[in-house]
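# Examining the three-dimensional arrangement
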Amino acid sequence: MAIIVNMPRLSDTMEEGTVASWLKKVGDFIEEGDILAEIETDKATMEFESFNEGTLLHIGVKEGETTKVDQLLAIIGEEVKIFLLFSVEMKKIYLLKKLLVSLMI
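Let me begin by describing the structure that accompanies this report. Residue positions are counted from 1 within each chain, in the order its sequence is given. In view of the model being predicted, local features appear only for residues whose pLDDT reaches at least 70, and side-chain atom pairs are presented and counted only at 80 or more, with totals across whole chains, interfaces and linings using the full set of residues. Each side-chain value is worked out from all heavy atoms of the structure, with water and hydrogens disregarded.

This next bit is on the nonpolar core. By size, the foremost hydrophobic cluster in this structure holds 16 residues, and its most contacted members are Val19, Trp22, Leu36, Ile39 and Leu73. Numbered from the N terminus, helices here are DSSP runs of H or I no shorter than four residues, and strands are runs of E no shorter than two. Going through the elements one at a time, β2 (16–22), β4 (35–40) and β8 (72–77) are the ones with two or more residues in this core. The contacts of Ile39, once residues within four sequence positions are left out, are Met7, Leu10, Met14, Gly17, Thr18, Val19, Ala44, Thr45, Met46, Phe48 and Leu73. What we call a nonpolar core is a set of buried Ala, Val, Leu, Ile, Met, Phe, Trp, Tyr and Cys residues that are connected through their side-chain atoms within 4.5 Å. Only protein chains enter the accessibility calculation, which uses a 1.4 Å probe. A residue is then buried if its area is under 20% of the maximum for its type, exposed if over 50%, and partly exposed in between. By the convention used here, residues are in contact when the closest approach between their heavy atoms is within 4.5 Å.

What follows is the structure, encoded as structure tokens:
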């Protein structure tokens, strides 16, 4: 199962945050409590820890980029399931192309 990790509200007045640095990279295994990134708010730079366990599959906000609270920050999950989903989608695209070519003949 994939878990969407959104930009957290790290203070009462925070409306957006900037990723100062990622401490994990795509493919790293994340344990609950691991520090994922350093987030700059309107008041301070704070460490953001994971509340989930799994593989870091996607980073949605690059270092130096800013995004609003509750917007996609990263995705954590099981690497195998994402690969299988990708394989199924690629097969659908292949079959659709094959169908379109056959209709053109």
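After that view, the rundown keeps rolling.
A few words now on the pattern of salt bridges. By convention in these notes, a salt bridge is any Lys or Arg side-chain nitrogen within 4 Å of a carboxyl oxygen on Asp or Glu. Scanning the entire structure with this criterion turns up 2 salt bridges. Lys24 serves as the salt-bridge partner of Asp34, at 3.7 Å between the closest nitrogen and oxygen. A residue pair is termed long-range when its members are at least 10 positions apart, and Asp34 in the loop between β3 (29–30) and β4 and Lys24 in the loop between β2 and β3 qualify at 10 residues. Put simply, Asp28 and Lys25 hold a salt bridge, and the shortest N to O gap is 3.3 Å. By relative accessible area, which is 53% here, Lys25 ends up exposed.

Just geometry here; none of it tells us what the structure is for.
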